[in-house]
Amino acid sequence: MGDTSPPQVRIFGTVISTYTRIVELTCEEAGLSHETIATAAQSQQNRHPFGKVPVVEVDGLELIESVAIAQYLDNAHNDSALQPTQPAARAVMDKWIALANNYLFPIFENGLVMPWIMHRVGGFPLDEDKVQRALPTVSRALGYIEGELSEDGAWASLGFTLADVFLYPIVRSVQLTPQGRVGIEQCERLHGWLASCEKRPSIVATRWESEV
Ligand SMILES: N[C@@H](CCC(=O)N[C@@H](CS)C(=O)NCC(=O)O)C(=O)O
């Protein structure tokens, strides 16, 4: 008989959201049942003070901000298995999560990913000018990641950690655009890392509808 108990983690977010997937991925890695309740970021239903998703309910807590959410789930329910204990390794992981959130996501999302989502999902004409303007910065960011992976393996040298959990949905959404796919094909290490992640059950279980 199937498990009829309610999901332990309730995720309020948009279904094609990068950060909603980051939390879903963490749940899968921790073996936690979860459900995503479709909630638009800038809606009255959304309880994030700055209109972002996801917002999460778990263990009687309401949590916001994906770093806090992912760390809580891993610490409370997964023996912190996604976070290195050695301080230097931990600093590498934290650095890549910060780079992902503060620089990579805004660069990729604003100039490339969102124009394509607005076009493909929203049915609006593609903002070609915006995409073209963003491409040099997107290329530089991809080149930086590739350089770091080539030099010493960067976050990927740590095994699968929360850095992978954050970086995968962010980079994968770039790969799902035509320009991003071409750019990533030129980055051998980054391309290889994405391919290796794709075999992981948590990644398979959280695929976006557009990927299937
Ligand atoms: N700092 C937030 C960022 C979350 C975020 O940017 N979510 C995006 C969706 S992937 C969002 O809510 N965008 C809507 C908006 O900015 O209006 C976190 O870590 O949870």
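All of these numbers come straight from a predicted model, not from anything done at the bench. (Residues numbered from 1 in each chain as written. Predicted model: local features only at pLDDT ≥ 70, side-chain atom pairs only at ≥ 80, totals over all residues. Heavy atoms only, no water.)

Re the overall build of the protein chain
And then number 1: When helices and strands are tallied, the protein chain shows 8 helices and 4 strands.
And then number 2: In the protein chain, the order of α-helices and β-strands from amino to carboxyl end is β-α-β-β-β-α-α-α-α-α-α-α.
And then number 3: At 17 Å, the protein chain has a C-alpha radius of gyration in line with the 17 Å of a compact globule built from 212 residues.
And then number 4: Referenced to the eigenvectors of the C-alpha coordinate spread, the extents of the protein chain come out at roughly 45 × 45 × 35 Å.
And then number 5: Classification of the 212 residues of the protein chain by burial places 46% in the buried group. (Helix = DSSP H or I, 4+ residues; strand = E, 2+ residues; numbered from the N terminus. Rg over C-alpha atoms; globule rule 2.2 N^0.38 Å. Buried < 20%, exposed > 50% of the residue type's maximum accessible area, 1.4 Å probe, protein only.)

Things to note about helix α4 (residues 128–152)
And then number 1: Across its 25 residues, α4 extends 36 Å between first and last C-alpha, which sits within 8% of the 36 Å expected from 1.5 Å per residue.
And then number 2: Taking the largest bend as the criterion, α4 deviates by roughly 40°, centred on L135, and proline P136 comes between one and four positions later.
And then number 3: Listed as buried for α4 are V131, A134, V138, A141, L142, I145, E146, E148 and L149.
And then number 4: Summarising the contacts, the buried residues of α4 are in contact with α3 (87–120), α6 (178–185) and α7 (188–197). (Expected span 1.5 Å × (residues − 1). Bend = angle between axes of the 7 residues up to and from the residue. Contact = heavy atoms within 4.5 Å.)

Section: the site of the ligand
And then number 1: With respect to spatial proximity, the complete set of residues near the ligand consists of S17, T18, Y19, A41, Q42, G51, K52, V53, E65, S66 and F105.
And then number 2: Between the ligand and the protein, one listed contact pairs an oxygen atom with a side-chain N or O atom of K52 at 2.6 Å.
And then number 3: One of the backbone N or O atoms of V53 is found 2.8 Å from an oxygen atom in the ligand.
And then number 4: In isolation the ligand exposes 510 Å². Once the protein is present, 76% of that is buried.
And then number 5: Judged by the fraction of its atoms near the pocket grid, the ligand is located in the largest pocket. (Near = heavy atom within 4 Å. Polar contact = N/O pair within 3.5 Å; in protein donor to acceptor, adjacent residues only side chain to side chain. Areas by Shrake-Rupley, 256 points an atom, 1.4 Å probe, with all protein chains shown as cover. 1 Å grid on protein atoms, 1.4 Å probe; cavity = no way out; pocket = protein on both sides within 12 Å on 5 of 7 lines; lining within 4 Å. Sits in = over half its atoms within 2 Å of the grid points.)

A short note on the nonpolar core
And then number 1: Among the nonpolar cores identified, the biggest contains 43 residues, and W96, F108, I145, W155, L190 and W193 are the most heavily contacted of them.
And then number 2: Looking at this core, the elements with two or more residues in it are α1 (18–30), α3, α4, α5 (162–175) and α7.
And then number 3: The element contributing the most residues to this core is α3, with 11 residues.
And then number 4: Built from parts of two domains, this core gets at least three residues from each of domain 1 (9–77) and domain 2 (87–200).
And then number 5: Apart from residues no more than four positions distant in its own chain, W96 is found in contact with Y144, I145, E148, A154, W155, A163 and L167.
And then number 6: Formed by 11 residues, the second largest nonpolar core is a distinct cluster that contains I11, A30, V58 and I69. (Core = buried A, V, L, I, M, F, W, Y, C linked by side-chain atoms within 4.5 Å. Domains from an automatic or database assignment.)

Remarks on the layout of surface pockets
And then number 1: By volume, the largest pocket is sized at about 960 Å³.
And then number 2: If you trace the largest pocket, you find 31 residues lining it, with S17, T18, F105, E109 and M114 closest to the centre.
And then number 3: Of all the elements in the fold, those that place two or more residues in the lining of the largest pocket are α1 and α3.
And then number 4: The dominant element in the lining of the largest pocket, judged by the number of residues it contributes, is α3, at 10 residues.
And then number 5: The residue makeup of the lining of the largest pocket, split by class, is 14 nonpolar, 12 polar and 5 charged.
And then number 6: Shared between two domains, the lining of the largest pocket takes at least three residues from each, and those domains are domain 1 (9–77) and domain 2 (87–200). (Points joined across faces, edges and corners; volume = space filled by probe spheres on them. Nonpolar A, V, L, I, M, F, W, Y, C, P; charged D, E, K, R; others polar.)

Considering the pairing of strand β3 (residues 55–58)
And then number 1: Bridge count for strand β1 (residues 9–13) against β3 is 4 bridges, and the pairing is antiparallel. Bridging from a neighbouring strand, F12 pairs with V55 of β3.
And then number 2: Here β3 runs beside strand β4 (residues 61–64); their pairing, made up of 4 bridges, is antiparallel. Note on β4: the bridge partner recorded for V55 is I64.
And then number 3: Following β3, the chain reverses through 2 residues before pairing antiparallel with β4; D59 in that reversal takes a positive phi of roughly 50°. (Pairing = 2+ DSSP bridges.)

Points about the side chain of E24
And then number 1: Note on placement: E24 falls in helix α1.
And then number 2: Within the buried set, E24 has no salt-bridge partner at all; the shortest N-O distance to an opposite charge, 5.8 Å, is to R21.
And then number 3: Not counting residues up to four positions away in its chain, the partners in contact with E24 are I11, H34, T36 and T206. (Lys, Arg positive; Asp, Glu negative; His and termini not counted. Salt bridge = Lys/Arg side-chain N within 4 Å of Asp/Glu carboxyl O.)

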